[in-house]
Structures are given as structure tokens and as C-alpha cells.
Amino acid sequence: MSENLAQRAEALREQINYHIYRYNVLGDPIITDHEYDKLFHELRQIEEDNPDLATPDSPTLRVGSDLSSDFDKIQHAAPILSLANAFDGDDLVAWEERNLKRLPSNTQLDYVLEPKLDGLTIVITYENGILTHAATRGNGELGDNVTANVKTINTVPLRIPVDANKGAPPERLVVRGEILFHKDDFDALNKEQVAQGLDTYVNARNTASGSLKQKDSRETAKRNLTAYIYSIVDSDGVMLETEWDIVGYLRDMGFNVITNADHYPTLSNIIQQLPTWEAKRDSLPFEIDGLVIKVNDLSHVRELGVSGKDPRGAIAFKFPAEEATTKLLDVTINIGRTGKVTPTAQLEPVFIGGVTVSNASLHNYDQIESLDIRMGDMVIVKRSGDVIPYVVGPVTGARTGDEAPINPPEICPFCGTPLIQPEGAVDWFCPNPKCPERVFRSLEFFVSRGAMDIDGMGPQTIQALIEQGLITDEADIFYLTEEPLLELEGFAQKKVDNLLASINMAKSRPFAQVLASLGIDGIGTTVSNLITDNFDTIDDLLQSTSAIKSAEQAFIEYVQPIIDSAKGDMFGQTDGVKKVIYRLNHPNTELAPRYLSAKDVQASVKRFLKPLNETSPVSDEQLTGMLDKLVDLMQASSKLHNIEGLGPILVQNIVDWFADEHHQNLLKKMRDAGVNMQAEKKEIARTDLAGKTFVLTGTMSVSRNELKALIEAHGGKVSGSVSKKTSYVVAGDSPGSKVEKAEKNGVSIITEDELRAMISGE
Ligand code: IVH
């Protein structure tokens, strides 16, 4: 047994040393951090349980280093320790038992629980309240001096206490914390990269590290980094007894402390909290990779001391892995209802966070190319929360040379139409609206809950109906009859009756719901409600959109020769001219909204055309002609453009969708079948719910969207989450946690019937 363990320990040491080398020397790791942590944890456990198996060269005795030759070094006031890991409740119980053995009998331990922020450690020193230096963790003894860079981070106070009323500053205070990107700041940074045509960053933590280690602090200042401070490394003049007091003290000094840290009387309280934290992980503003559990009483912490490089008084609880490495076996493609092509990775099955994953999204072919993912690569796959698993990138260090590039297919595998990549788009599309896969996806969406909500029409039924030639588009659903349905496999009389009844019911869905079911890009329930608030019938909408399309076409036809003459040599043109030409080519999104309310349209147009006039003068006659056409376009589109909440892109999507003959025929067919294409009469008082905000939870007698539309039709608002602003939570069957939250916040909870009574004034 012990021989086996000795062999295992040796094998682990070998593997761990190899991965340390790959990570630190080659900069090319071939396993995820979590996979590494697991190996490390296993080795440490063996060595702790069998001290005779520990060797002086074990990697468990090594402290990692982030030192870089670009910075001066700072000697830390005390070693910057790290934390041992726990992976489940049993590991935590074992940790407490080990600790209790080292403390006087009958000791009761209480704890502080904090999220484990996934950033990089920072150590900041204040002397008499003034920030004097800041260093990275480095090798735990020496750190990189990044003072100038840290001073650019807004959440780091340059002087403490920030509020002078909190008393005098301590003589010396060395604090430790974490530097990171808030998720929305990281997204904004990536949006900015895209806007500038640069590559996006994949990993927030590495990007935070790169941002902090800039040689020029002005570069750090451009990044929106955040610092959280969670512990005291050393001090003169601070006397505190507990970890929980430290949190309060740091807060009083004006540091950005983790607001959701909490104090618990026992370890089992902490263990109870673990699932809650895992569930709320995705909704936090920052990335966390686990929790930190700290013994509260600092005298116990001192007594427990340190094991290797980890204090015994605290431990990191690591969440189940969200990432794993596995082999990319094949790439298949999905075609969505808009024709969008999504490449999907077929993987060697791998267990991630409790689930076996065998396929994952590759987003699009531009992404495959920019990440240089190749067929046969070992890839890192991430699965987090409700997000569909996706491929983060290849493990280039594991390549054998047999990997092959992945190119987009030339034709749609479902209908054989050549695929296209519209100018400026990252995605490829199948442009054939009759592509059987596109039709299938559109139908699947059309009948789904929240759309037309047709019960009994699952994907298999849709597939069978398409195969039998019974439906080719959404409208055909409303022409289905009993006889051919009875001939389908597995369709008995009862099933057919039910299906026909639910199709019949769907015909009278509110007009806004019908519109939202059509799958027009960007037109969900909220936008379709805005539309039906302003257009009573489908005819109004069709008339309006076709008038806009004609005016838009007339404008483009008129300006085309002017654009062509100005274009001459595009390379020689200024950006100003290019912008003007772009806008003239997209008058409905780029021009109409701008001049809608302009008092002096002629002067505005003149100003706008100025750059063009300088290179290739526009005659007065041309100017007047453009103006006339633009005014026509403005008049035609003002009703749509004036709807608050409808931006120009959405207006363009709506106009383009309704101008398409295929869609016009579809609508006609639906109307002829008796599908509701008319908004409810608006005589109903729209004010009975005015100023009230509702949150809906649980199953109601109708779909939630229908109820939402009803509330909004009476002037109320519907929100997705409970807050102080919520007036009522409407609870249906099996309501969710929103009811508890409402109770906590003193928000009234009502039933659907009570809501309806409120509306009818009973
Ligand atoms: S306490 C003596 N609390 O997790 C150890 N660390 O190895 C004091 N970390 O890189 C650390 N969030 O920088 C503590 N709330 C938190 C933390 C935290 C993240 C980091 C720490 C270190 C790693 C643990």
C-alpha cells in the first residue's frame, strides 16, 4: 500500500514539475489551472498524511513567482502566503478536525466566509495614512514594485482614512487584496477592442495582470481595473482580535472591501452556504473561482501557524471545474432560423462541473481562425452556469503536427446553397429562405412557449410535418387538417384533436405576440408591443414600411450617381467623405433620424455634405433634389422613428423584413387563415396600473408574455427581478425564489386573479 502511495507521490511530483515548467518556462500550459490544482492537492494530501513520503525537492514546498525584470523589487513586510484548497464539504470538515487537534480541547471555531476573487494579489503599504508603495506577490518574499500603476486605480485610496472623521491613520499598515476587472468593464474593454479592429481579450485575469504590469502607468490608467482589499499583512498601531473586525476596520479606513463577506458561528453553517454561492456565482459583478473560509479568532489563527506556504487558519474552497481539456474530433455546423452558421465542436466526451460534455460552440469561423483552432487539437472547453459550453482555445503545446486547419464550408449542408459572409459581418449565412433547416428552426421558434405557444408541436412533430410536405412555412400550420395528421406515425385521434385545438387557440394570440413570433431580428415582445401600440393592424404596418422602402429606394437611386462621382478614387478620400458616402448609402438608419427634428433641414444637409462638396462639388440642383427625397423619406418614416425605444437599426430591420415579398405572402396567408393581425381596442383605461411595477413568477393560466402585455396595456410595468421599486409580485403555481425575496423586502404578493380584479376595478 505504502509502496503504491510512494509511487503515486513520485508520479505526481514528476507531472506537477512538468506542468510548472510548461506554465512558467514555456508559457504554454497543457492542462487547466483546476486540473493542476487537483494534482497538487492530491500530492499534498499524501505528504501530509504520510510525512515519511515527503521529499525535500517536492513542488509542494515551492512558492510560485510572478516577478518580472521590468520592475524594481520590494521586500514584503511578511511572507505573502497562499492558501490550501478544499474541493468539497468533507475536505472542510477534515480541515477543521486537523485544526482542532492543534488547539486547546473544547475550542469552538467561528468563521468568516468570503468569495475568492479571481484576480491577482496586490500588497499595498501606507505610512501615516499615505500610500507609499504597492507590490505584486512576486515569489512571496520579493514583489514587483508597481506603485505608480496601482496609484492609477480609482478604488485604491491614496490616503487613509478616506473619511477624516474615522480618526487618525495607523503608523503603518500593509494590506493585501486582489486586482481584477469587473465583468462589465472587461466586456466594455473588449467592445472597444472590436471597435478599433483589434483582437479581443479572452481571459479577464491575465488581462488584469498585463494591465497592472505596464511599464507606462498611463497605460494602466486607461484600463478600468478595480481593487478589493481583504486582509492585513502587517501593521504598527492596529489592534484587532478577529478576522471579522479586520473587514470592518478596512471598510472604515475607506478600502473597497468585499461587501458579501459574512460571519458564521460554525463550519456547518458555512457548508450549508456552498450551493447558494455556486448558484449566485454568475450574477456577481466579478469572476470568482471559489470561496475563502477564515478562522475568525486571530489568536487561534496565530496559534495554528503555517504549513509550508499556507496558513492553517484559512482555506480556499474551489468550485467544481468549469474548464477541462479534451480533443476536438470534428466540426459540424448548425444553421439558425436567420440562416446564421454556427460551427459546433464535436469533442471526446469530458466531465465538466458534473456534466459530460461532448459538443461545444465554436461561435464563428472568424473566431476559429483568430484563435487558430485546428482539427485534432487538444482544446480547453468552458462550461459555466447556464451558458452553452464553448471552446476557449487550443492547447498549442499539445500539437503533434497532424492537426489540420478548419475552413468554413462553401455550401449549406442542408440545401446546397453557397454560403455568404455579408460585408463587415463575422458570421456566415445560408441566404436561402427556403432552406429546410432554416424553415425547421423558424417553425421551432414560432410554436415555442413565449412565441405562439402551440402545445403538442415539438421538434419531432415539426420534422415529420415537413417531411410529409404538410408544412413549408409558419402559415401552413393554420391550414393543417385532421386527415393527413391521422396518417402520421404515433398520431391517434386524441393527439390530433389536441394539436388542432391548440393551433386554433394560437390564432387569437395578441397581435404583439404574433409579431414577436415571426423571428424578425431584434423584435422580441417588448419591441413588438411598442409597434402594436402605434400600429393598429398589419395593414397599417405594411403600408408604412412599404412607403419607407420606396422613399429609401428613391433617395438611394437619386444619390447613387452623386456618390459614384465622389467615389472616383476612394483611396484618396478623406475619412469625412467616406463617412458621408456611408451615410448616404444607409439613409434610413444614418440620416432620417438625425434630421427629423432639424428646424432648418436645408442648412443641416449642407453642413453634412460639406466634405463631399470640397472634393467633388455638389450642385445646388443636386442638393435640392437630395433634400426633396430626404424629406419624403423623413415623412414616410417619422411614425416608426418617433417610437421611443425603437432605434434606427431596429427600424431598418422592420422595414427590410416587411418589404420582403416572401414575408408579405406569409402574412397574407396567416391572416387568411384567421390569425389575429390586429391590436386590441385601446378604449380600455390605460392608467389603472400606472406607476406600478409588477414581477411575475410561477406558472399562470396564460403565458407570462400574455400577462405582461395585459399589465402594460393598462399602464403598468413588468420587471424581471424584485427590488424596492416593485409594487407587487404576482405569484402563480410553483413560484420561484422571488416570493421569498418579496417577503424579505416587504413587497405585496398577489395572485393572478387579484391582478385581474385590480385591472377590472373590482
Ligand atoms: S486571504 C494568507 N481572501 O486567493 C492568505 N485571499 O491562494 C490570505 N484571494 O492569491 C489570503 N480572494 O490573493 C484571501 N477573499 C480572499 C481572497 C483571496 C482571492 C486570493 C489570494 C491568493 C489566492 C489563495
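Residue indices follow the written sequence of each chain, beginning from 1 at its first position. With pLDDT at 70 or above as the cut-off, local features in this predicted model cover only qualifying residues; side-chain atom pairs require 80 or more to be listed or tallied, and sums for whole chains, interfaces and linings still use all residues. To obtain the side-chain values, all non-hydrogen atoms of the structure were used and water was disregarded.

1. Things to note about the overall build of the protein
Phase 1: Under the scheme used here, helices are H or I runs from DSSP no shorter than 4 residues and strands are E runs no shorter than 2 residues, and both carry numbers assigned from the N terminus. Summing up its helical and strand segments, the protein has 27 helices and 22 strands in all.
Phase 2: Along the three orthogonal principal directions, the C-alpha set of the protein runs to about 85 × 75 × 65 Å.
Phase 3: We call a residue buried when its accessible area falls under 20% of the maximum for its residue type, exposed when it is over 50%, and partly exposed in between, using a 1.4 Å probe and counting protein chains only. Counting only residues that meet the buried cut, the protein has 44% of its 762 residues in that class.
Phase 4: Within the protein, contacts between residues at least 6 apart in sequence are counted, and of these 68% link residues at least 24 apart.
Phase 5: Areas reported as accessible are Shrake-Rupley estimates using a 1.4 Å probe. Residue values count occlusion only from the protein chains shown. Counting only carbon and sulfur atoms, one obtains 49% of the accessible surface of the protein, whose full area is about 38200 Å².
Phase 6: By the counting scheme adopted, Arg and Lys are positive, Glu and Asp are negative, and His together with the chain ends is not counted. Lysine's charge is taken at NZ, arginine's at CZ, aspartate's at CG and glutamate's at CD. Once the 76 positive and 112 negative side-chain charges of the protein are each reduced to a mean point, those two points are 4 Å apart. Here, residues are in contact when the closest pair of their heavy atoms is within 4.5 Å.

2. Some details on helix α25 (residues 704-713)
Phase 1: Among the residues of α25, those classed as buried are Leu707, Lys708, Ala709, Ile711 and Ala713.
Phase 2: Where α25 is buried, its residues meet α17 (525-534), β19 (693-697), β20 (717-719) and α27 (752-760).
Phase 3: Downstream of α25 by one or two residues, glycine 715 has phi in the positive range, about 90 degrees.

3. With respect to the pairing of strand β14 (residues 323-335)
When a strand is regular, its side chains alternate between the sheet's two faces.
Phase 1: Pairing between two strands is assigned when DSSP locates at least 2 bridges connecting them. Note: β14 against strand β17 (residues 378-382), 5 bridges, orientation antiparallel. Note on β17: the bridge partner recorded for threonine 325 is isoleucine 380.
Phase 2: Across 7 bridges, the pairing between β14 and strand β15 (residues 341-352) is antiparallel. Directly across from isoleucine 335, in β15, lies its bridge partner valine 341.
Phase 3: Once β14 ends, the chain turns through 5 residues before running back antiparallel as β15, passing glycine 339 with a positive phi of about 95 degrees.

4. Side note on a negative patch on the surface
Phase 1: Each patch is built from salt-bridge-free residues with over 30% relative accessible area, joining like charges within 9 Å and nonpolar side chains (Val, Leu, Ile, Met, Phe, Trp, Tyr) within 5 Å. A side-chain nitrogen of Lys or Arg and a carboxyl oxygen of Asp or Glu constitute a salt bridge if their distance falls within 4 Å. Negative charge collects at one region of the surface, where Glu482, Glu483, Glu487 and Asp497 lie side by side.
Phase 2: Assignment of secondary structure puts glutamate 483 in helix α14 (residues 482-486).
Phase 3: The class for glutamate 483 is exposed, based on a relative accessible area of 64%.

5. Focus on the pattern of salt bridges
Phase 1: Per the stated rule, a full pass over the model turns up 30 salt bridges.
Phase 2: Taking the shortest distance from any N to any O, the salt bridge between glutamate 10 and arginine 13 comes out at 3.2 Å. Residue glutamate 10 and its partner arginine 13 are both found in helix α1 (residues 2-24); the two are separated by 3 residues, about one turn of the helix.
Phase 3: Arginine 13 sits in the buried class, given a relative accessible area of 5%.
Phase 4: The partner of glutamate 47 in a salt bridge is arginine 13, and the shortest N-O contact between them spans 2.8 Å. Residue glutamate 47 is located in helix α2 (residues 33-49), and its partner arginine 13 is located in helix α1; the two are separated by 34 residues in the primary sequence. With respect to burial, glutamate 47 and arginine 13 carry one shared label: buried.
Phase 5: Members of the salt-bridge network, linked through shared partners, are Asp372, Arg374, Asp377 and Arg399.

6. Section: the sheet that holds strand β5 (residues 130-136)
Phase 1: Read across the sheet, 4 strands follow the order β5-β4-β7-β8 without closing on themselves; strand pairing throughout is antiparallel. With one partner strand each, in any of the chains shown, β5 and β8 (225-236) form the two edges of the open sheet. Within the sheet, the average angular offset between the axes of one strand and its neighbour, ignoring direction, is 25 degrees.
Phase 2: Relative to strand β7 (residues 172-181), strand β4 (residues 120-127) is paired through 8 bridges, and the arrangement is antiparallel. Within β7, the position partnered with tyrosine 126 by the bridge is leucine 173. Throughout, an axis means a line fitted to C-alpha atoms (over the contacting stretch in the case of helices), and angles, computed between N-to-C directions, take values from 0 to 180 degrees.

7. Quick word on the pairing of β17
Phase 1: Most of β17 is tucked away, with 4 of its 5 residues classed as buried.
Phase 2: As paired elements, β17 and strand β18 (residues 390-394) share 4 bridges and run antiparallel to each other. Each residue of the ladder has a partner; that of valine 379, found in β18, is proline 394.

8. Quick look at the nonpolar core
Phase 1: Here, nonpolar core means buried Ala, Val, Leu, Ile, Met, Phe, Trp, Tyr and Cys residues that are tied together by side-chain atoms lying within 4.5 Å of each other. Judged by nonpolar contacts, the single largest core of 76 residues is most densely connected at Ile477, Phe478, Leu584, Leu612, Phe658 and Met670.
Phase 2: Element by element, the count of residues in this core is highest for helix α18 (residues 538-567), at 10 residues.
Phase 3: With near-sequence residues (within four places) excluded, leucine 612 lies in contact with Ile562, Ala566, Val577, Val580, Ile581, Leu584, Pro617 and Val618.
Phase 4: The next biggest cluster of nonpolar side chains, apart from the first, holds 32 residues, and it includes Leu189, Ala208, Leu225 and Val257.

Don't take any of this as a statement about function, it's just geometry.
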